[in-house]
Amino acid sequence: MHRIYQNFFFLTVLFLSGQHVYAQVIADTTPVSINPALQEILEARTAKTYTIAGITVVGSKAYDHNLIISISGMAVGDKVQIPGTDLFSKAIAKLWKQSLVSDVQINFTRLEESNLYIEIELTERPRLLDFTFTGIKKGEKDDLEKKVELAKDRVLTENMRLSAVEAIRKFYFDKGYRNVQIEMVEQPVTGVSNAVVINFKINKGNKVRINSINFTGNETVTDQKLKKQMKGTKEMTRFTLFPDKVISPYGDSSKQLSFKQYLNTVSFLSPTRTGMFIDPYFRPKFFNGSKFSEKKYSEDKERVLGYYNSQGFRDAQIVADTQFYSRDSLQGHLNIDIRVNEGRKYYFGNITWKGNTKYSDSVLNILLGINKGDIYNIDLLNRRLGKQLTAEGGDIGSLYQDDGYLFFRLDPVETAVYNDTIDFEIRMTEGPQATYGNITVTGNDKTKDYVILRELRTIPGEKFSRSDIIRTQRELSQLGYFNPEKINPNVIPNADNGTVDINWQVEEKSSDQLELSAGFGGGIGLTGTLGVTFNNFSLKNIGNKSSWDPLPSGGGQKLSLRAQSNGRAYRSYNFSFTEPWLGGKKRNSFSINYFNTKYANSYNNAGSYCKSCGDTSYVKTVGFGVSLGKQLKWPDDYFNLIYTVNVQQYKLKNYSNIFQGLSNGNSTNISLKLTLLRNSAGPSPIFPTSGSNFMASGQFTLPYSLIGISDGAANQYKLPEFHKWRFTGEWYTPIGRGRGEDKNKQFVLKVAAKYGFIGRYNHKLAVSPFERFQVGDAGLSNTTALLGYDIISHRGYPVYSNSNPKINPDGITPAQYFTIFNKYTVELRYPFSTSASSTIYGLAFFEAANGWYDFKSYNPFKLRRSAGVGARFFLPMFGLLGFDYGIGFDRYNNTSGIKGAAKFTFMLGQEAE
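Since the structure is predicted, the reported quantities are computational estimates derived from the model, not experimental observations.

When you go through the protein residue by residue, the secondary structure sums to 14 helices and 40 strands. A burial count over the protein gives 43% of its 913 residues as buried. Here the analysis covers contacts within the protein between residues at least 6 apart in sequence; of these, 60% occur between residues at least 24 apart. Carbon and sulfur atoms make up 53% of the accessible area of the protein, which amounts to about 48,000 Å² in all.

On to the sheet that holds strand β18 (residues 409-418), then. The strand order β17-β19-β18 describes an open sheet built from 3 strands, whose pairing is mixed. Either end of the sheet is taken by a strand with one partner, and the two such strands are β17 (347-354) and β18. Pairs of neighbouring strands in the sheet enclose a mean axial angle of 25°, with direction left out of account. Note: β18 against strand β19 (residues 421-429), 9 bridges, orientation antiparallel. The residue bridging P412 from the neighbouring strand is I426, located in β19. Running at roughly 140° to β17, helix α9 (residues 361-368) makes contact with β17 and β19 of the sheet. The sheet contacts of helix α10 (residues 378-385) involve β17, β18 and β19, and relative to β18 the element is tilted by about 150°.

Counting 26 residues, the largest nonpolar core has M74 and I118 as its most contacted members. Mapped by element, the contributors of at least two residues to this core are α1 (36-43), β3 (48-58), α2 (65-72), β4 (79-82), α3 (87-97), β5 (101-112) and β6 (115-124).

A separate point is a positive patch on the surface. Taken together, the side chains of K147, K175, K291, K295 and K296 make up a positively charged region of the molecular surface. With respect to the helices, strands and loops of the structure, K291 is situated in the loop between α7 (259-266) and α8 (294-310). The exposure class of K291 is partly exposed, given its relative accessible area of 31%.

Enumeration over the complete set of coordinates arrives at 36 aromatic pairs. When the centroid spacing of 5.9 Å and the interplanar angle of 85° are considered together, the rings of Y172 and Y177 count as edge-to-face. Residue classification places Y172 among the buried residues on the basis of a relative accessible area of 0%. Given a relative accessible area of 13%, Y177 falls into the buried group. With a centroid separation of 5.9 Å and an interplanar angle of 75°, the aromatic rings of F873 and F883 are classed as edge-to-face.

Here we come to the environment of F88. Structurally, the position occupied by F88 is in helix α3. Residue classification places F88 among the buried residues on the basis of a relative accessible area of 1%. With 19 residues separating them in the primary sequence, F88 and N107 have C-alpha atoms 10.0 Å apart.

This part takes up the pattern of salt bridges. Once the charged atoms of two side chains with opposite charge are near each other, the side chains can pair. Counting across every chain of the model gives 37 salt bridges. A salt bridge links D777 to K903, with the nearest nitrogen and oxygen atoms 3.4 Å apart. Within this pair, whereas D777 is found in the loop between β34 (773-775) and β35 (790-792), its partner K903 is found in strand β40 (residues 902-909), the two being separated by 126 residues in sequence. Close ionic contact of D884 with R795 constitutes a salt bridge, the shortest N to O distance being 3.4 Å. Taken as a pair, D884 in strand β39 (residues 879-888) and R795 in the loop between β35 and β36 (820-834) lie far apart in primary sequence, 89 residues in all. R795 matches D884 in its accessibility class, with the two residues each being buried.

Attention now goes to the packing of helix α4 (residues 138-147) against helix α5 (residues 158-174). Two numbers describe how α4 lies on α5: the axes approach to 10 Å, and their chain directions differ by 130°. Here α4 lies oblique to α5, going by the angle between them. Classified by chirality, the crossing of α5 by α4 is right-handed. Residues E140, D143, L144 and K147 of α4 form the contact with α5, whose participating residues are A167, I168, F171 and Y172.

This brings us to the sheet that holds strand β22 (residues 499-505). Taken in spatial order, the 3 strands of this open sheet run β20-β22-β21, and their pairing is mixed. Across the chains shown, the open sheet's two edge strands, defined by having one partner strand only, are β20 (435-442) and β21 (488-494). The mean inter-strand angle of the sheet, taken between neighbouring strand axes irrespective of direction, is 20°. As judged from the 6 bridges shared by β20 and β22, these two strands associate in the parallel manner. Paired with Y436 across the bridge in β22 is V500. Contacts between helix α13 (residues 466-479) and the sheet are confined to β20, β21 and β22, with β22 contributing the most and set at about 15° to the helix.

Mapped onto the elements of the fold, G355 is located in the loop between β17 and α9. Sequence separation of G355 and T429 is 74 residues, and the distance between their C-alpha atoms is 6.0 Å. Each residue touching G355, except ones within four places of it in the same chain, is listed here: M428 and E430.

Bringing the environment of G84 into the picture now. Positionally, G84 belongs in the loop between β4 and α3. Through-space distance from the C-alpha of G84 to that of K48 is 9.1 Å; in sequence the pair is 36 residues apart.

With that out of the way, let us pick up the confidence of the model for the protein. When pLDDT is averaged along the protein, the result is 82; 83% of the residues meet or exceed 70. Per-residue pLDDT stays below 50 along residues 1-32; that stretch engages in 80 contacts with residues further than four places along the chain or on separate chains. The low-confidence segment residues 239-288 (pLDDT under 50) makes 61 contacts with residues lying over four places distant or belonging to another chain.

Turning to the side chain of T825, a few remarks are in order. Residue placement: T825 occurs in strand β36. On the accessibility criterion, T825 (8% relative accessible area) is buried. Once residues lying within four places of it in the same chain are set aside, the contact partners of T825 are K750, V751, A752, R795, F846 and E847.

With that settled, the discussion passes to unusual backbone geometry. Here the bond from W634 into P635 is cis, since omega is 0°, no more than 30 degrees from zero. Relative to the assigned elements, P635 resides in the loop between β28 (618-631) and β29 (639-653). Of the consecutive residues G682 and P683, the connecting peptide bond is found in the cis state with omega at 0°. Note on placement: P683 falls in the loop between β30 (665-679) and β31 (691-700). Even without glycine at this site, E149 takes up a positive phi of about 55°. Phi at N419 is positive, roughly 55°, even though this residue is not glycine.

What follows covers the pairing of strand β9 (residues 181-188). Pairing geometry for β9 and strand β10 (residues 195-203), over 8 bridges, is antiparallel. Bridged to E183 within β10 is K201. Hairpin connection of β9 to β10: 6 residues between the antiparallel strands, including G191 at a positive phi of 85°.

Glancing now at the packing of α2 against α3. Orientation of α2 relative to α3, taken along the N-to-C sense of each, is 120°, at an axis distance of 8 Å. With respect to their mutual orientation, α2 and α3 come out oblique. Together, I68, I71 and S72 of α2 and A91, K94 and L95 of α3 make up the contact between the two elements. Taken together, the residues that form the contact of α2 with α3 break down as 4 nonpolar, 1 polar and 1 charged.

A few words now on the side chain of T447. Note on placement: T447 falls in the loop between β20 and α12 (449-453). In contact with T447, other than residues within four places in its own chain, are I452, Y481, F482, E508, N536 and G554.

This next bit is on the pairing of β36. As defined by bridge partners, strand β33 (residues 747-759) adjoins β36 across 10 bridges and the pair is classed as antiparallel. When the sheet's bridge partners are listed, F757 is paired in β36 with I820. Note that β36 and strand β37 (residues 839-852) share 14 bridges and pair antiparallel. Across the sheet, residue V826 finds its bridge partner in β37, namely F846. Connecting β36 to the next strand, β37, in antiparallel fashion are 4 residues.

Reading the values: the criteria
- Residues numbered from 1 in each chain as written.
- Predicted model: local features only at pLDDT ≥ 70, side-chain atom pairs only at ≥ 80, totals over all residues.
- Heavy atoms only, no water.
- Helix = DSSP H or I, 4+ residues; strand = E, 2+ residues; numbered from the N terminus.
- Buried < 20%, exposed > 50% of the residue type's maximum accessible area, 1.4 Å probe, protein only.
- Contact = heavy atoms within 4.5 Å.
- Areas by Shrake-Rupley, 256 points an atom, 1.4 Å probe, with all protein chains shown as cover.
- Pairing = 2+ DSSP bridges.
- Axes fitted to C-alpha atoms, helices over the stretch in contact; angles between N-to-C directions.
- Core = buried A, V, L, I, M, F, W, Y, C linked by side-chain atoms within 4.5 Å.
- Patch = residues over 30% accessible without salt bridge, like charges linked within 9 Å, V, L, I, M, F, W, Y side chains within 5 Å.
- Salt bridge = Lys/Arg side-chain N within 4 Å of Asp/Glu carboxyl O.
- Lys, Arg positive; Asp, Glu negative; His and termini not counted.
- Charge placed at Lys NZ, Arg CZ, Asp CG, Glu CD.
- Phe/Tyr/Trp six-rings, centres within 6.5 Å; stacked < 30°, edge-to-face > 60°.
- Parallel < 35°, antiparallel > 145°, perpendicular 65-115°, else oblique.
- Left-handed = near helix turned anticlockwise from the far one by under 90°.
- pLDDT = per-residue confidence, 0-100.
- Nonpolar A, V, L, I, M, F, W, Y, C, P; charged D, E, K, R; others polar.

Below you can see the structure in the form of structure tokens.
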């Protein structure tokens, strides 16, 4: 082949490999007149020096020619020796490195004496104008747009193409689509130079599920136990249930049977047993979780080995594992064969201690809790030694670190292995006791330093304690000002001087709350509510304008304002203020609250709505309370004692709906309340995962009728007298452990028991109508609850006033409320989100509660029972919202069924009692 060039010979320099440059004559079939000088360069056997006299660029439209020449590293005036130079190969390498071109050639175009003219010929890569996906759902498209990491209006490289396809494949692999087919189609864009759009045509195929997992070599541990360890790799279920057809595995699997035929085929109803026997292989399709994930499969293999190690098989190995597809009726599904070598089962032998001076061997052995002859388990040994730190403590590492031994070290060493027994020597270095050095706080832009520092238990100069750090984390979290997941004690040990510096790193979150709502009901119509709560208020900074946001903030105090009204019929104003550190030196709290409520009669004697009746028939309630709390040191510093004085006055004017036979007059309720609290639940007050909460209280008025101030039954409403007792116990227990990205997500079991009783001093008088217990519904007060009732929720039931569980309370308006109540609750909770912006968790509950009017009828086992599910949403701006769907077992009857026994409830503001 020959190609004609009129006055020059065309020579192409190709960068093929290494640092070598090859020259090639490219010609056409037509005869060519060859430039003798260029022919001489081509055929030269000895090196000759030339000067680059000119450089031109062809094929580049998007990039400046001077830029291309600069990138190549060549310049006019450069000396080159041909053959023998590597200048041209380096130039091609530099241009390739920019990923801007798909082809580079350097051509010799002219030679004048020793002056050589060259040409850089480029083929530019196209620009990616847009990319699309077809064959998949919109949600998947949105996810893939982020996964492929393609940038529009950027040069499209081969690596970008391959990476995008691989990202798509991995995306569907993780979802169980292992046979996904991807076709990438590039199309030029009309009217736009050197630009393309890419369309990814995706065929997911069927989701690959795991048909079977088979173990071999496991002589001691059963297949079922090993499969149980594989949390993310499960076998597919044996049935696929369609709306009206079932595929059976017992015969021709391609044959679809009706559900009735299936029952007859597999003997679903067993004539040899009483009742119904359900085939254990029957599973609806929507319970199938058998998709295959390579990542989870690798994790599960480690879990299998971990389980073997926990059973004493420390030498257990997975010798081989194979994945293959079924060739039978379950074609396309995956089978996994795993071959294990269990090895010998080992036991703990003698465990000795070396280097311990603080605690004796006997004390350490008791705390370790591992005896000679116990099954060998290295993870258990490390946990008991404290090499795997947990918040619960109770290990040897925690014992030392709680006593200041921050520099404490230990190392379990195998000293002998004989037959199936392993001896250990625990070598310890106790080191000196450390004290706290510099304690600093960072990240608090709004909250003042002193508010945080007063909560810290890591005091400079005091002995280091691991439990102090954990306790401080909990208490900073319970303030509600910071993101609990971002409270980080940055511990900096100083071995030289035996101190430890701690920088407490916090991240503030919004803690103020706004309530803006409207409701209809309660006999008064539409009611509007406006409330604000400032949880980090600062009375001290009122004069400091820079701290107003929108009110002075950062002082750790709480200010709450709330108003409700619908005009004439109802209005209510509430105010409260709390200082958690009265005086600033001790954890002594001080609170005041005030409320003013008016409820007017909106109907006349004929039962018709009356707009002006509210001026002549109403009840007003005004209340004021002062509380002083003190943290106790004994039995431990989780205890608090709170003293509260409450004064409430009721004024009735032509209003007979509260007190029987009384429609005018005043009533004044003055009481003293003593409350003993112990709260170790945490770390978050919204979603506690461990600890407990106990409360015991007594509330007392003066015995007016016994000391001659009141004339007894004739005026029992003017100065109500009573003594009231409450007890609450709550326990929180985490169940299981979160893993990977969900390590903070685990089930939490809450168990609670509550009791209340209100009594009288004078047995000639009835029990006071004030301060009784309203039991039932969601724990929300209605607008007529003006007598200071304790509102006890009971999900699945309306408010009731009859103690007999056999009597359905539906449709019965309570005439009075209980003087005694019992309530038991079990909840299983699971968090969906525990971030600073929102805390969301779901729950399943079982409750049993009831109320009584005297101890003669009191029976703590004669309760109304209910169960159901619910959810809680805590948004910093609006507080706590809750929804529950409960079924009251004692409301169930054959007429209305489950629907008649079910009740949906809603709660707002705070968790119901």
